[in-house]
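# Geometric and topological summary
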Amino acid sequence: MTTTRSLLSLSTRRSLLRNAKGPRLPTLTSPKLSNLSTPRLLAQGTYTRLLQCVPYHATSKVLSTTTISTSTPPVPEVYKPPQTGLLSLLPASWVPYAELIRLDKPSGSYYLYFPCLWSTLLAAPLAVPMATPTAVLSTSLLFFGGAIIMRGAGCAINDLWDRNLDPHVTRTKFRPIARRAITPFQGIVFTGTQLLAGLGILLQFPFSCFWYATPSLLFVAMYPLAKRVTYYPQFVLGLTFSWGAIMGFPALGVDLLSNSAALTAVGLLYASNIAWTVLYDMIYAHMDIKDDAKAGIKSIALKHDKETKQVLTGLAVTQVALLAGAGLATGAGPAFFIGSCGGALVTLGVMIKRVNLKSVKDCWWWFVNGCWLTGGVVSLGLAADYLVRYTQTEETGKDSAWCL
């Protein structure tokens, strides 16, 4: 017997469709479907079952039914090496380590550096004799190098603690330890190398700085753990990132234990920087607020989501008030109060008013640029005040020498 390939007639197909299991399907005689071909109906999701018919000995037998899904399954995200920027220029084996220290995202280093710079500028007029511009500049550059290294070490410590949490957060799931491009052991060795490099920079300062700086390592290690037990880990981060507010004074030879004005200024400046850290990191935390809730990571953004702008406003006022108090303690002049305090109040106010906390992109923009806006105006005001006072001291010294 010859096997022939035959097509089901239209009436047979209708009969088979009526007898098929499942919900009754629209027929080809429907007014809306009469002008559409079967492939087009399938593409539109009208038929969810396709009868596969195979002719056998001149007969057509229904062997099975197959469900057709018209939706495209989501494609899982895959890590892609950087194609642009600084990291794209590095050897492939270096890229994971550069990502670990956030070399392509330097804002954290700047946030760590600004308290060091402010402390140096605030302490300079209190040094005896007053610190020269050359001394202030060299000290500031050492702090900048230390901020880059220690921020990288802090990021590595954070990622080691969070290696089991980061894969569950969209923004962090491709971090090198989370995606296993770096093993925990390699991360520990690399972190140790950074800490040794940081120690090398620290030893360039007066040795008293070693004793002032060492306790900060405790807070560096505590921050990743704080995210697991409290909704206010940003305060622990503030204790860590603000430590530079202490270091400028001993770096220029100002003894905090014997100089009450300096000690008062340090306490107020340190507290001011804590308020600033909580403020900007609260905006930063809004980028991960949904993923943090799912992963069980706590943050001040989750705790005060509905009243975030009120909290930010309170932090801004606190920061500026404490900063002004630090200036009063050191005898700062109008350049500081107008430039640093007034400028900070304006830049923080604009940021708080304009930031869209529901937009990840907008929160990131203000986190990055707010660093330079507020950090910049405070630095310029402090630098102007220092230069005015230094110039006045020089002129006074010349007048005294002329009289002699």
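In case you missed it, the structure is sitting above this.
All of these numbers come straight from a predicted model, not from anything done at the bench. (Residues numbered from 1 in each chain as written. Predicted model: local features only at pLDDT ≥ 70, side-chain atom pairs only at ≥ 80, totals over all residues. Heavy atoms only, no water.)

Applying the stated criterion across every chain, the model contains ten salt bridges. Of the charged contacts, one joins aspartate 162 and lysine 227 as a salt bridge, the two residues approaching to 2.4 Å between their closest N and O atoms. Separated by 65 residues along the polypeptide, aspartate 162 in the loop between helix H5 (133-161) and helix H6 (184-202) and lysine 227 in helix H8 (residues 216-229) bring together distant segments of the chain. For the pair shown, aspartate 162 and lysine 227 are each scored as buried. Aspartate 162 serves as the salt-bridge partner of arginine 228, at 3.1 Å between the closest nitrogen and oxygen. (Salt bridge = Lys/Arg side-chain N within 4 Å of Asp/Glu carboxyl O. Helix = DSSP H or I, 4+ residues; strand = E, 2+ residues; numbered from the N terminus. Buried < 20%, exposed > 50% of the residue type's maximum accessible area, 1.4 Å probe, protein only.)

For the pair H8 and helix H9 (residues 233-241), interaxial distance at closest approach is 8 Å and the crossing angle is 170 degrees. Of the possible angle classes, the one that applies to H8 and H9 is roughly antiparallel. Of H9, the residues touching H8 (which contributes Phe219, Val220, Met222, Tyr223, Ala226 and Lys227) are Pro233, Val236, Leu237, Leu239 and Thr240. Along the lines of polarity and charge, the residues of the contact of H8 with H9 split into nine nonpolar, one polar and one charged. (Axes fitted to C-alpha atoms, helices over the stretch in contact; angles between N-to-C directions. Parallel < 35°, antiparallel > 145°, perpendicular 65-115°, else oblique. Contact = heavy atoms within 4.5 Å. Nonpolar A, V, L, I, M, F, W, Y, C, P; charged D, E, K, R; others polar.)

One can find glycine 325 in helix H14 (residues 308-329). Assessed through its relative accessible area of 17%, glycine 325 is described here as buried. Spatially, the C-alpha atom of glycine 325 lies 9.3 Å from that of serine 272, the residues being 53 residues apart in sequence.

Okay, the environment of cysteine 116 next. Along the chain, cysteine 116 turns up in helix H4 (residues 107-123). Judged by its relative accessible area of 8%, cysteine 116 is buried. Along the backbone, cysteine 116 and tryptophan 243 are 127 residues apart, and their C-alpha atoms lie at a distance of 7.8 Å.

Here we take up the packing of aromatic side chains. Under the counting rule described, the total for this entry stands at 27 aromatic pairs. Each ring, one from tyrosine 113 and one from phenylalanine 144, has its centre 5.2 Å from the other, and the planes form 80 degrees; the classification is edge-to-face. On the criterion of sequence distance, the pair formed by tyrosine 113 in helix H4 and phenylalanine 144 in helix H5 is long-range, its members being 31 residues apart. Overall, tyrosine 113 belongs to the buried group, its relative accessible area being 14%. Where phenylalanine 336 meets phenylalanine 337, the ring centres are 5.0 Å apart and the plane angle is 75 degrees; that geometry is what we call edge-to-face. Given a relative accessible area of 0%, phenylalanine 336 falls into the buried group. On the basis of relative accessibility, which here comes to 28%, the residue phenylalanine 337 falls in the partly exposed class. Seen from the ring of tyrosine 231, lysine 298 lies directly overhead, with NZ or CZ sitting 5.7 Å from the centre. (Phe/Tyr/Trp six-rings, centres within 6.5 Å; stacked < 30°, edge-to-face > 60°. Lys NZ or Arg CZ within 6 Å of the ring centre and 35° of its normal.)

Purely geometric stuff here, so don't read any function into it on its own.
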